[in-house]
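# Commentary on secondary and tertiary structure
These are the residues of each chain, in order.
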Amino acid sequence: MYGLAQIALALATLLSTTAASPIDSIGNFSVVQKLNTQFVRNGPAAYARGFKKYNKPMPHDLAVATSNDGSVNASPEDAYDSEYLCPVSIDGQTLDLDFDTGSADLWVFSTSLPSSEQNGHTVFNPSKSKNWKALSGYKWNITYGDGSGASGTVGTDVVTVGGTSVSGQAVEIATQVSSSFVSDTANNGLLGLAFSSINTVTPNAQNTFFDTAKSSLSSPIFTADLKYHAPGTYDFGTIDSSKYTGTITYIDVDTDNGFWEFTGSGYAVGSGSFISSSIDAIADTGTTLIYVPDAVVTAYYKQVSGASYDSSQGGYTFPCSATLPNLILGIGSYHAVVPGQYINYTPASGSKCFGGVQSDSGIGFSIYGDVFLKSQFVIFDGSSTPRLGFAAK
Ligand SMILES: Cc1noc(C)c1CN(C)Cc1cc2n(n1)CCN(c1cc(N)ncn1)C2
């Protein structure tokens, strides 16, 4: 067993024999730093580490720059905002798709369609994709509320939306589409953002793009900032506080039917009194108009001179010269205002125009579609307790 003196002597001997040792006789030492030339400097990442270290929410743009968070433009397909289309890249092939919070299938026009049905469309060619993996025996078949639909086969690939990229995403290849999709040449498919429980792929349902991306996002949310007759955005992973005013009102979502379904608290027309009424509704970016109970529709068009239900048009029309009142829809205690101007959807016949508010009769629930959503900043919160957030803008 060595005594302390022997150890100290041995250490001193060792140290004194090491040429130019940085350790002096009493054990002080200094370390010469060596630059890690392998480290690629990344300012945003360094900046972000400061927020992450102290668990502070980082600025929206920094979050987008340093994570899988993303933002993509949503452009009106026509002069009436019939649908909003967003560029989506599938292994480098970019197609404009309709983002639809009312369905859960990501499907695309493809080279597997009859060539006549491909005319005018941008189609996805899986044989040109190096990351394409076919799912043998998998099929899909979807029918939408307006009777349109499509069907086909399935594979997986790398899918990128703005700055959000995922691998192994189910991409549904159309081998058949209904005529309304063939003629809608700006629309090359849909990207479903409802809950994956209503995905139509058999034998095993597939995840939506959002469900695939969720774990890689700063927060498990996406937002919709659709606009009246102008491009808006969908953001994934962060809430951009520059896109809304005032406070966000959150409301619980019932996911049993696979939709972003909630209970509205009532309505008012123009400067009229607010009528409290529970309205079972879904937030649906894939539906163009607002479909609400007859009581709401009647109350609304009663305030529009010359308005009437026109069976030849299948809905309420009014003189295009009419000044339309705002429609207020209650979300909890928040009164969401839909400007009257948004409710003049499109010319119908002669000098009559077709209303953006119509009856939900026969649907089974109300649909707060694009005419409503474009008046709000909407947060689709996919956390363990899903909820919707609404704010004015
Ligand atoms: C043209 C045109 N412009 O705007 C649209 C829409 C079209 C129709 N277009 C010809 C074809 C078409 C049909 C549908 N879409 N696109 C979108 C998905 N559809 C939904 C989604 C949903 N959540 N709920 C009900 N239907 C039906």
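Each value, and the rule that gives it
Residues numbered from 1 in each chain as written. Predicted model: local features only at pLDDT ≥ 70, side-chain atom pairs only at ≥ 80, totals over all residues. Heavy atoms only, no water. Pairing = 2+ DSSP bridges. Helix = DSSP H or I, 4+ residues; strand = E, 2+ residues; numbered from the N terminus. Axes fitted to C-alpha atoms, helices over the stretch in contact; angles between N-to-C directions. Polar contact = N/O pair within 3.5 Å; in protein donor to acceptor, adjacent residues only side chain to side chain. Contact = heavy atoms within 4.5 Å. Phe/Tyr/Trp six-rings, centres within 6.5 Å; stacked < 30°, edge-to-face > 60°. Buried < 20%, exposed > 50% of the residue type's maximum accessible area, 1.4 Å probe, protein only. Lys NZ or Arg CZ within 6 Å of the ring centre and 35° of its normal.

- An unreviewed UniProt entry lists the protein chain under the name Peptidase A1 domain-containing protein, with Piloderma croceum as the source organism.

## Concerning the sheet that holds strand β20 (residues 352–355)
- Spatial strand order, β15-β16-β20-β19: 4 strands in an open sheet with antiparallel pairing. The sheet terminates laterally at β15 (308–310) and β19 (344–349), the two strands that pair on one side only. The average undirected angle you get between the axes of adjacent strands in this sheet is 50 degrees.
- One ladder, built from 4 bridges, connects β19 with β20; its direction is antiparallel. Across the sheet, residue Asn344 finds its bridge partner in β20, namely Gly355.

## Considering the side chain of Ser375
- With respect to the helices and strands, the residue Ser375 is situated in the loop between α8 (370–373) and β23 (377–381).
- Only 3.2 Å separates the side chain of Ser375 from the side chain of Gln376, close enough to count as a polar contact.
- Each residue touching Ser375, except ones within four places of it in the same chain, is listed here: Val337, Val338, Pro339, Tyr342 and Lys393.

## Examining the packing of aromatic side chains
- The final tally for this structure, using the stated rule, is 26 aromatic pairs.
- Seen in terms of ring centroids, Tyr80 and Tyr345 are 6.3 Å apart; in terms of plane orientation they differ by 70 degrees. Their pairing is edge-to-face. Linking Tyr80 in the loop between β1 (70–76) and β2 (84–90) with Tyr345 in strand β19, this pair joins segments that are 265 residues apart in sequence.
- Of the residues examined, Tyr80 reaches a relative accessible area of 36% and is grouped as partly exposed.
- On the accessibility criterion, Tyr345 (16% relative accessible area) is buried.
- With a centroid separation of 4.7 Å and an interplanar angle of 5 degrees, the aromatic rings of Tyr301 and Tyr316 are classed as stacked. With Tyr301 in helix α7 (residues 294–301) and Tyr316 in strand β16 (residues 315–319), this residue pair connects regions lying 15 residues apart in the sequence. With respect to class, Tyr301 is no different from Tyr316; both count as buried.
- Taken together, Phe195, Phe209, Phe210, Phe222, Phe236, Trp260 and Phe380 form an aromatic cluster joined through their ring pairs.
- Just above the ring of Tyr342 sits the side chain of Lys374; from NZ or CZ to the centre is 6.0 Å.
- When the ring centre of Tyr250 is taken as origin, the NZ or CZ atom of Arg387, which lies over that ring, is 3.6 Å away.

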